[in-house]
Amino acid sequence: MDEKDFLADRFETHRGHLHAVAYRMLGSVSEADDAVQEAWLRVARHGADDVENLGGWLTTIVGRVCLNMLRSRGQRAEQPLGVHLPDPVVNRAEPQDPADEAVLADSVGLALLVVLEALAPAERLAFVLHDLFAVPFDEIAPIVGRTPAATRQLASRARRRVQGTPAPDADLARQRAVVDAFLTAARGGDFEGLLAILDPNVVVRTDWGALRPGEVVRGADTVAGNAITYTRLAGSTRPVLVNGAAGFVSYAKDGTPFSVMAFTITDGKIVEMASLAGPDRLSTIDLTLLED
């Protein structure tokens, strides 16, 4: 085995971790793939002979690549209309093989990713690397071009924003029961049944992709009415895990995927929902793990 093959093997042992970092930074599975590949190209060009902590070094490289990608987004003239949701990680309701487990290991709550999307690039980097992956501030500081103290302030500002994110119930079976109750009530036109499981201040974000502006709907009454209308238009549904939480994929009457629905459930109530709908938006989401 030559030196480059040896380095490639070492890199592969860290790929899953690096993809997890990039996904939390970018909120896009495909862009996370690109960031990890760019990191490998940089490592392959320059080598890692003098590196003692390869995992930490690779994490900072991926962080730098992601920061550049986030800054490039902000410089583009073309921005998504209305609501843009991060790409979800969609998996079978019950993991069946190691590939399923690998996808779940790369997941993070969609509600948290929505909040991270609103952060400035440097804030997001400081928070993700320090708070989610325990990278010291003195290693993050050179990436953002600040002192460690200033970098700590970046993470602190981000942390204050993130602290308002609803904490989901940990019991997946309880989550699934609430989602099933939501579907049953919506299909049956049971308005009161929906109100019983919706938080009064529930928020629903819908992302239709580039072809149609997304929207945000707030309040249990409005959400309940929309849910009844929506389920009458949709065909069948399939329970799935969306970023490790209970959700479902709905299908049009011709059997093609129509939407992915993600739920944040706290104390048995639905506090947030995210809907990624339409062929344009769904084309960017990997649903291959649902294939039998």
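Quick caveat, the model's predicted, so the values are computed rather than measured.

### Regarding the sheet that holds strand S4 (residues 237-242)
Right, so step 1: One open sheet accounts for 7 strands, arranged S1-S4-S5-S6-S7-S2-S3; its pairing is mixed. Strands at the two margins of the open sheet, each flanked by one partner only, are strand S1 (90-92) and strand S3 (215-218). Pairwise comparison of adjacent strand axes, ignoring direction, gives a mean angle of 30 degrees for this sheet.
Right, so step 2: Taken together, the 6 bridges between S4 and strand S5 (residues 245-251) define a ladder with antiparallel strand orientation. Paired with leucine 241 across the bridge in S5 is alanine 246.

### A look at helix H7 (residues 137-144)
Right, so step 1: Three or more residues of H7 are buried, namely Phe137, Ile140, Ala141, Ile143 and Val144. Each buried residue of H7 lies within a common arc of 160 degrees when the element is viewed along its axis, so the set occupies one face. Residues of H7 that are exposed and point more than 90 degrees away from the buried face comprise Asp138 and Pro142.

### Observations regarding the packing of aromatic side chains
Right, so step 1: Summed over the entire model, instances satisfying the criterion amount to 5 aromatic pairs.
Right, so step 2: Each ring, one from phenylalanine 11 and one from tryptophan 40, has its centre 5.3 Å from the other, and the planes form 55 degrees; the classification is tilted. Here tryptophan 40 lies in helix H2 (residues 29-46) and phenylalanine 11 lies in helix H1 (residues 3-26), a separation of 29 residues in the sequence. For the pair phenylalanine 11 and tryptophan 40, a shared accessibility class is recorded, and that class is buried.
Right, so step 3: Between tyrosine 230 and phenylalanine 258, the ring centres sit 6.1 Å apart and the planes meet at 35 degrees, which makes this aromatic pair tilted.

The rules behind the values
Residues numbered from 1 in each chain as written. Predicted model: local features only at pLDDT ≥ 70, side-chain atom pairs only at ≥ 80, totals over all residues. Heavy atoms only, no water. Pairing = 2+ DSSP bridges. Helix = DSSP H or I, 4+ residues; strand = E, 2+ residues; numbered from the N terminus. Axes fitted to C-alpha atoms, helices over the stretch in contact; angles between N-to-C directions. Buried < 20%, exposed > 50% of the residue type's maximum accessible area, 1.4 Å probe, protein only. Arc of directions from axis to C-beta. Phe/Tyr/Trp six-rings, centres within 6.5 Å; stacked < 30°, edge-to-face > 60°.

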